[in-house]
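# Observations on chain architecture
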Amino acid sequence: MARSRLMSRRLNSLLLAACFGLSASAALAQDVVKFGAPLPLTGPLAPEAVKQQQGYDLWAEQANKAGGISVGGKKYKVEIVYADYQSNTPRAVQTTEQMITQDNVNFLFGPFGSGAAKAGSSVSEKYKVPTIAATASSSQVYDQGYKYLFGTFTPNDTLTTPLTQIVKAKAADVKKVAILARNDLFPLAIAQEMEKSAKANGLEVVYFEKYAINTLDHSATLSQIKSLAPQWIFVTGYINDLLLVRKQMTDQQIKAGVGDDDRWSCLSGIHRCGRSRRRKHHQRRLVASGRAVFRQGHFRYHRELREAVPREVQVRA
Amino acid sequence: MLAAQVLINALVLGCLYACIAIGFSLVWGVLNVINLIHGSFIVLGAYLAWGLYQSLHISPWYALIIAAPAFFVLGYVIQRVILNRVITAPVLVTLTLTFGLDLILNNAMIYYFKADYRKLTLTPPMGSVSVFGVVVPVDRLVATAAALALTGVLYLILRRLRVGRAIVAVRLDRDAAKLMGVDVNSIYAIAFGLGAALAGCAGVLMALIFPISPLTSTAYLGKAFVVCVLGGLGSVSGALAGGILLALIEGIGSTLIGPAHATTLSFALLIVFLIVRPQGLLGRKGFE
């Protein structure tokens, strides 16, 4: 509940800012504000998109229950138009254009993830439709000089830098980091930020490789990582990738050092794990636990990083 | 040490690839049908194993016994009712037909199971064995053994049983087989049924190893295709050789030049094979 309130409050305030600031006259003929949300409801990103849709629906339901959004003293009901772009980025761009030209939406939630959000933003910018990229945190999305694009996430390095600092402060035996990134905009961007953060904090990056989208098996990669004996393994990707990597890490008897040894921590599609002789002492997990806390955990993640983490980190190294 | 580990990984993965490809190879070899529904059959088999384990606590090993006849019947019916109508048409027609069937089955699975990823996790987990520092996960090992056993069974069927000889005869010369009194349409249906049964069994084994989702069907189909071209069409041992070769190339490529380029390397090899040795490693006309 707290999370949804936070989310809806954030979105509300942003939307209002967008309303007043940019297109107060654009679409207020009727009493409904129409939002377009192109999402990858089928295809490889479907699990993420379905959760995202539930989030949007929750917000719309709560906003409407409260009488709608207030614009200039008048209340407007919220309506969300969805379209499936089948996890296909070029189709995301077409869908975005369709929503603007045929569904006549007033605002847009950008397509899912940094890559598609960046691609879609060029269309919404052309038609001057205010867009919230609700699931993009890579700086490459926002450095285009666009005026109609808004973000909700903090940049990738605000995730990796504090994380590295916490690990460095609380787990002194972590010296070597291995990074494995899905070759995709967000997963690769955050892996590169992780590399920078690790180097800046004096950790040695012993492995940095990309894996192709739709990789079916990671055993060769993980064997190689294991042979380099890093204490921290940082894998980026989406649900399917992380399920597979996690399973194969257990298969290869790669044990956790930074976090738990059996459970795993996954934040925004980041998997942290490492190897340690003293793992029995590492009973507390570093940040949130969870089988697959994914991008939707982002809001919670930032809150937890601020509030919960310093308390929770009790790594007795 | 690392070399040994990479080698073992590749051998085990290669047998799994062979298991994925064998049914596809049989159908392509005997019926000359590029069966695009194969990947979706594998996923359906995985869902069967997952469903039986989740709801009735039936171990995937027993699920194999259920999957094989169920998928045989499914494949037999599809061939008898639909595919046999166009079996003599050019290969593009059957390709398009199986493409359409695949779309129907795959989207039905997305609708019914949702696109979410599932995982069949055994309790207690099977763990891994470690010999001289080389680690092999037990579930993969057992799946490899099962894959080899399935391959062996298919080999014996084709070699020893009357129906198997009939399948080989139809593959070698359709018209001559017909003159000898072989019911060609029925043999087609049986071969397609066998292919489907092998796909279903492969799916049950894959459920233990890979996440389950309707969306993984294209990945399986892609691997099956490459394995068939590398190993040689319609040959039982060819599928095994092709699978191991593909896994070796991927494993070594991933270690030496990075995982991002492993796929590139395997497809480059595919092109080389198509040019230099289009019949594949062990490709021969007919079965053994």
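Preceding block: the structure.
Only a predicted model underlies this, so the values are computations on that prediction, with no experimental measurement involved.

The next point concerns the overall build of chain A. Regarding its fold elements, chain A presents 11 helices and 11 strands. Taken across its 317 residues, chain A has 56% of its residues classed as buried. A separation threshold of at least 6 residues defines the contact pool for chain A, and within that pool the share at least 24 residues apart is 69%.

A few words on the overall build of chain B. Helices and strands together make up the secondary structure of chain B, namely 11 helices and two strands. Taken over the C-alpha trace, chain B has a radius of gyration of 19 Å; the compact-globule value for 288 residues is 19 Å, and the two agree within 12%. Dimensions of chain B along its principal axes, counting C-alpha atoms only, are 60 × 50 × 35 Å. The 288 residues of chain B split such that 56% are buried. Looking at chain B alone, contacts between residues at least 24 apart form 79% of all its contacts between residues at least 6 apart. Summing over all exposed atoms, chain B offers an accessible surface of approximately 12,100 Å²; the carbon and sulfur share of this is 72%. Distance from the positive charge centre (17 side chains) to the negative charge centre (8 side chains) of chain B: 4 Å.

Okay, helix 6 (residues 162-172) of chain B next. All of the buried residues in helix 6 of chain B are Gly-164, Ala-166, Ile-167, Val-168, Val-170 and Arg-171 of chain B. For helix 6 of chain B, the elements touching its buried residues are helix 1 (2-31), helix 5 (138-160), helix 7 (174-179) and helix 8 (184-209) of chain B.

Before going further, it helps to examine the interface of chain B and chain A. Residue-level contacts link 31 residues of chain B with 31 residues of chain A. For the pairing of chain B and chain A, the buried interface totals around 2,500 Å² over both sides, and the portion due to carbon and sulfur atoms is 62%. The shortest N-O distance in the salt bridge between Arg-140 of chain B and Asp-217 of chain A comes to 2.7 Å. If you list the elements that add at least two residues to the side of chain B that touches chain A, you get helix 1, strand 1 (128-131), strand 2 (134-137), helix 5, helix 8, helix 9 (217-231), helix 10 (236-257) and helix 11 (259-276) of chain B. Considering every element that reaches the side of chain B that touches chain A, the biggest residue donor is helix 1 of chain B, with five residues. For the side of chain B that touches chain A, the class distribution of residues is 17 nonpolar, nine polar and five charged.

Bringing the packing of helix 3 (residues 89-101) of chain A against helix 4 (residues 113-126) of chain A into the picture now. Any two packed helices are characterised by how steeply their axes cross, that is the angle between the axes, and by the distance between the axes. Residues and elements named next belong to chain A. Contact geometry for helix 3 and helix 4: axes closest at 9 Å, N-to-C directions at 30 degrees. One way to sum up the angle between helix 3 and helix 4 is to call them roughly parallel. Seen from above, helix 3 lies across helix 4 with right-handed handedness. Along its contact with helix 3, which presents Thr-89, Val-93, Thr-96, Glu-97 and Ile-100, the element helix 4 presents Gly-115, Ala-116, Ala-119, Gly-120, Val-123, Ser-124 and Lys-126.

About the thresholds
- Within each chain, residue numbers correspond to sequence positions counted from 1 in written order.
- All chains are assigned letters beginning at A, and all ligands numbers beginning at 1, according to the order in which they are written.
- Under the rules for a predicted model, residues below a pLDDT of 70 receive no local features and side-chain atom pairs below 80 are neither given nor counted, while totals for whole chains, interfaces and linings still include all residues.
- The side-chain figures draw on all heavy atoms in the structure; neither hydrogens nor water molecules are used.
- Secondary structure counts use DSSP, requiring at least four H or I residues in a row for a helix and at least two E residues in a row for a strand, with both numbered from the N terminus.
- Exposed residues in this analysis have more than 50% of their type's maximum accessible area, buried residues have under 20%, and partly exposed residues fall in between, with area computed by a 1.4 Å probe over protein chains only.
- It only takes one pair of heavy atoms within 4.5 Å for two residues to be counted as in contact.
- Throughout, the radius of gyration refers to the C-alpha atoms, and the reference size of a globule is 2.2 Å times the residue count to the power 0.38.
- Surface exposure here means Shrake-Rupley accessible area, sampled with a 1.4 Å probe, where a residue is shielded only by the protein chains that are shown.
- In this tally, Lys and Arg are treated as positive and Asp and Glu as negative; His is ignored, and so are the chain termini.
- In plain terms, the charge of a residue is placed at NZ if it is Lys, CZ if Arg, CG if Asp and CD if Glu.
- Accessible area, probed at 1.4 Å, shrinks when two parts are joined; the buried area is that loss added up over both.
- Salt bridges, as used here, are contacts in which a Lys or Arg side-chain nitrogen is within 4 Å of a carboxyl oxygen on Asp or Glu.
- Only Asp, Glu, Lys and Arg are considered charged, only Ala, Val, Leu, Ile, Met, Phe, Trp, Tyr, Cys and Pro nonpolar, and every remaining residue, Gly among them, polar.
- Helix axes are fitted only over the stretch in contact, all axes being lines through C-alpha atoms; the angle between N-to-C directions runs from 0 to 180 degrees.
- Oblique is the label for any angle not under 35 degrees, not over 145, and not in the 65 to 115 range, which are roughly parallel, roughly antiparallel and roughly perpendicular in turn.
- Crossing handedness is read from the near helix: turned anticlockwise from the far helix by less than a right angle, it gives a left-handed crossing, and turned clockwise, a right-handed one.

Any functional reading would require information beyond the geometric quantities listed.
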